[in-house]
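Descriptive structure summary
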Amino acid sequence: MERAEAKERAVEDGRDEHTGGPPAGGAGTDPATEAFVGHRNLLFTVAYEMLGSAADAEDVLQETWLRWSGVDLASVRDRRAYLVRITTRQALNRLRTLGRRKESYVGSWLPAPLLTTPDVAEDVELADSVSTAMMLVLETLAPTERAVFVLREVFALEYDEIAQAVDRKPAAVRQIAHRARAHVAARRPRGHVSSADSRKALDAFRQAVETGDLQSLLDVLAPDVVLLGDGGGVKQAVLRPIVGADKVARLLAAGPGRIPTGSSFRFAQVNGCPALLLRVDGALDTVLTVRVEDGLVTGLYAVRNPEKLSHMRRETTLSR
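Let me begin by describing the structure that accompanies this report. All residue numbers refer to positions counted from 1 along the written sequence of the respective chain. Only residues with pLDDT of at least 70 get local features here, since the model is predicted, and only at 80 or more are side-chain atom pairs given and counted; chain-wide, interface and lining totals rely on the full set of residues. The basis for every side-chain value is the complete set of non-hydrogen atoms in the structure, without hydrogens or water.

**Observations regarding the packing of aromatic side chains**
Rules: Think of it this way: a Phe, Tyr or Trp ring, Trp meaning its six-membered ring, pairs with another when their centres are within 6.5 Å, and the plane angle makes it stacked under 30 degrees, edge-to-face over 60, tilted otherwise. Secondary structure counts use DSSP, requiring at least four H or I residues in a row for a helix and at least two E residues in a row for a strand, with both numbered from the N terminus. Note on classification: 1.4 Å probe, protein chains only; a residue is buried when its accessible area is under 20% of the maximum for its type, exposed when over 50%, partly exposed between these limits. For a Lys NZ or an Arg CZ to count as sitting over a ring, it must be within 6 Å of the ring centre and within 35 degrees of the ring normal.
What the rule picks out here adds up to three aromatic pairs. Centre to centre, the rings of Phe36 and Trp65 are 5.2 Å apart; their planes meet at 65°, and the pair counts as edge-to-face. Of this pair, Phe36 sits in helix H2 (residues 31-51) while Trp65 sits in helix H3 (residues 54-68), and the two are 29 residues apart along the sequence. Considered together, Phe36 and Trp65 belong to a single accessibility category, that of buried residues. Residues Phe44 and Tyr48 carry aromatic rings whose centres are separated by 6.2 Å and whose planes lie at 5° to one another, so their mutual orientation is stacked. Taken together, the positions of Phe44 and Tyr48, both in helix H2 and four residues apart, correspond to about one turn of that helix. Tyr48 carries the same exposure label as Phe44, and that label is buried. Its end group placed over the ring of Tyr159, Arg152 keeps NZ or CZ at 4.2 Å from the ring centre. The cationic tip of Arg199 hangs over the ring face of Phe267; the distance from NZ or CZ to the ring centre is 3.6 Å.

**Re the sheet that holds strand S1 (residues 221-230)**
How we decide: Two strands pair under a simple rule: DSSP has to find at least two bridges between them. Any two residues whose heavy atoms approach within 4.5 Å are treated as being in contact. Note on geometry: axes are C-alpha line fits, over the in-contact stretch for helices, and angles between N-to-C directions span 0 to 180 degrees.
Strand order in the open sheet formed by six strands is S2-S1-S6-S5-S4-S3, with mixed pairing between adjacent strands. The open sheet terminates on both sides in strands that have one partner only, identified here as strand S2 (242-243) and strand S3 (263-270). In this structure, strand S5 (residues 283-293) lies alongside strand S6 (residues 296-303), joined through seven bridges in antiparallel fashion. In the strand pairing of S6, Val292 is matched with Val297. Packing against the sheet, helix H11 (residues 195-211) makes contact with S1, S3, strand S4 (273-280), S5 and S6, and its axis sits at approximately 25° to S4. Packed on one face of the sheet, helix H13 (residues 245-254) meets S1, S2 and S6 and runs near 55° to S1.

**What to know about the nonpolar core**
To keep it simple, the criterion reads: Grouping buried Ala, Val, Leu, Ile, Met, Phe, Trp, Tyr and Cys residues that are joined through side-chain atoms within 4.5 Å yields what is termed a nonpolar core.
Core analysis: the largest hydrophobic core is formed by 55 residues, its most contacted members being Phe44 and Trp68. When contributions to this core are tallied by element, the ones reaching two or more residues are H2, H3, helix H4 (79-103), helix H6 (124-130), helix H7 (132-138), helix H8 (143-154), helix H9 (159-166) and helix H10 (170-185). Per-element accounting of this core gives the leading share, 11 residues, to H2. Those residues within four positions of Trp68 in sequence are excluded, and the remaining contacts are Ala32, Ala35, Phe36, Leu73, Val76, Arg79, Tyr82, Leu83 and Ile86. Judged by nonpolar contacts, the second largest core, of 25 residues, contains Phe205, Val220, Ala245 and Ala302.

**Here's the deal with H8**
Note that an α-helix has 3.6 residues per turn; residues three or four places apart therefore point the same way. Condition: The span one expects for a helix is its residue count, reduced by one, times 1.5 Å.
Taking 1.5 Å per residue as the helical rise, H8 with its 12 residues ought to reach 16 Å, and the 16 Å between its terminal C-alpha atoms agrees with that figure. By the criterion of burial, H8 is predominantly enclosed, with nine of the 12 residues buried. Turning to H8, its buried residues are Thr144, Glu145, Arg146, Ala147, Val148, Phe149, Val150, Leu151 and Val154. Where H8 is buried, its residues contact H2, H4, H6, H7, H9 and H10.

See the structure below:
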C-alpha cells in the first residue's frame, strides 16, 4: 500500500513512477537530472544485484534521487561514483530490512525475474551476474560482502571507491573482497554455458513437461537437480527444495506440479538467460529459469508470486 501511494505521488510530482527520480526522458537541462538519468540503468543494476528485488531496487533509486537532488554538484568530483555510493548505502540499509522480511517468507525466496533486453545476454559477465543461479549464490553473502563483491567483480570499481560506499577502509575492503570471491567461487555454477546450450536444454525440458513423458524428463535432468518454487504464500508452490531427478520428474509429470490445461509455454530472455514463461488462459502464471551444467538441468527455479511477476510486463535495461 505504501509503495503504491509513493508511486502515485511520484506521478503527480512529475517524477518517474518506477524509480521516483526524474522522468526517463530527462526533461530540462538541469545537471543533477542529466547525471541521474544518464546513470539510471547502472544504478538500478547495482541495487537489483544487491537486493534481488526489482521493487526494492526501484525504491532505492527513489531514495537515491531524493538525496542526489540536494547535493551541491560543485563539490562532486566524480558524479557516477557519487551516485553509486548513494545507491549502495541505500541498498545496504534495505538489504538488512529484507533479511528480516525473508525470515518470515512462506516457502523458498527467489529473486524477482526481469524481462531483459537482448544486449544483456550479449554481455556474458553481466548476464552471469544477474542469472537466478548466481543471484541465489549472492544471497549467501553477508550484506557488506555482497556489496563489495558486486561493486568489485561486476562493476570493476576501485577499492578506494568501494571503501567510501561501504564505510570501510580500503585494506578491509580488500580482505572482504577476497573472502567473498572465495565464497562465491565455491558455490557458483561451474563454467560458462552458452545461451544456445541453455536454450537446447530448456527446449528439451519444455517438450518433456508438455508431453508428461517421465523418461524424457529424466533424460534432461541431472541426478542431483534441485527444484525451488516461490509462490510467496499467495500461489501454490513447493515449500521446500525438491532434490533428485526422480522426485522432480515425477512431480512435474504426474503430481501437483504438472502444468494445467489451457496453458502454454513461450521462450523469453529473463535475467539475461533463456527462460520459459508459462501462461494459463493468457495470463502469466510462472517464470521458469534454469541452471544448466554439462547439457543437463541442475537447477529449476519457478517464480509464481504475483508481486514478483509484475515487472515482467516490460523489458528492463541493465548496464555496467
